[in-house]
Amino acid sequence: MQIELTINDKVVKWEVANDEFLADTLRSHGFLSVKKACDTSCCGLCTVWMDGKSMLSCSVLSLRAHSKKITTIEGLPKEAEEFAQILSAEGAEQCGFCSPGFIMSVLAMKNELVNPTEEEIIHYLTGNLCRCTGYMGQLRAIKIYLGVA
């Protein structure tokens, strides 16, 4: 089946299978920042935005992206770089495998929450797993980025 969507501000038409997940479709078209690691929708590595809202692309059929606007980290280079610099400065960047999905979630949080508390930040990021850090450096970086440190 053919779908038409806007990916990072570019309109595309793609052939997809009825049972194909968006994460697989995006990867097959070169959006390699979108990763799959858990197959249970709980690691956050596949996070993208659909019509501006953060979502897990491993649990959404590609057909649902028809006529939607999809944003990956490749579509937000300035914003991603700004947060990545803070993350690195706080010593919270390790192997980088989880970074694209994690950064997409943080950028979405900045758009959705106003002056979040530490508890709200932690709740928002539940489901973004990182196997290298202890999360405290990430939390410091997020607070600095959001201006709530």
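This structure is a prediction, so every number in the text was calculated from the model and none was measured. (Residues numbered from 1 in each chain as written. Predicted model: local features only at pLDDT ≥ 70, side-chain atom pairs only at ≥ 80, totals over all residues. Heavy atoms only, no water.)

A.B. asks: Even after reading the chapter, I still don't get the overall build of the chain, so can you show me in this structure?
C.D. replies: Looking only at helices and strands, the chain features five helices and five strands. Taken from N to C terminus, the helices and strands of the chain fall in the order β-β-α-β-β-β-α-α-α-α. Compactness check: the chain gives a C-alpha radius of gyration of 15 Å against a globular reference of 15 Å for 149 residues, within 12% of the reference. Considering only C-alpha atoms, the chain reaches an extent of 45 × 25 × 25 Å along its principal axes. The burial tally for the chain puts 44% of its 149 residues in the buried class. Element-wise, carbon and sulfur atoms account for 52% of the exposed surface of the chain, whose accessible area totals about 7,800 Å². Distance between charge centres in the chain, computed from 14 positive and 18 negative side chains, equals 1 Å. (Helix = DSSP H or I, 4+ residues; strand = E, 2+ residues; numbered from the N terminus. Rg over C-alpha atoms; globule rule 2.2 N^0.38 Å. Buried < 20%, exposed > 50% of the residue type's maximum accessible area, 1.4 Å probe, protein only. Areas by Shrake-Rupley, 256 points an atom, 1.4 Å probe, with all protein chains shown as cover. Lys, Arg positive; Asp, Glu negative; His and termini not counted. Charge placed at Lys NZ, Arg CZ, Asp CG, Glu CD.)

A.B. asks: What is the right way to read the nonpolar core from this model?
C.D. replies: Note that soluble globular proteins tend to have their nonpolar side chains buried in a common cluster. Of all hydrophobic cores here, the largest spans 22 residues; its most connected members are Phe83, Val106 and Ile142. Broken down by secondary-structure element, the contributors of at least two residues to this core are helix 2 (77-89), helix 3 (99-112) and helix 5 (136-146). In this structure, Phe83 is in contact with Phe102, Ile103, Val106, Ala141, Ile142 and Tyr145, ignoring residues within four places of it in sequence. (Core = buried A, V, L, I, M, F, W, Y, C linked by side-chain atoms within 4.5 Å. Contact = heavy atoms within 4.5 Å.)

A.B. asks: Whenever I open this one, the packing of helix 2 against helix 3 confuses me. Can you help?
C.D. replies: Each pair of packed helices gets described by two things: the angle between the helix axes and the distance between those axes. Remark: helix 2 packs on helix 3, axes separated minimally by 10 Å, with the N-to-C direction vectors making an angle of 105°. Classified by the interaxial angle, the pair formed by helix 2 and helix 3 is roughly perpendicular. Between helix 2 and helix 3, the contacting residues are Glu79, Ala80, Phe83, Ala84 and Leu87 on the first element and Phe102, Ile103, Val106 and Leu107 on the second. (Axes fitted to C-alpha atoms, helices over the stretch in contact; angles between N-to-C directions. Parallel < 35°, antiparallel > 145°, perpendicular 65-115°, else oblique.)

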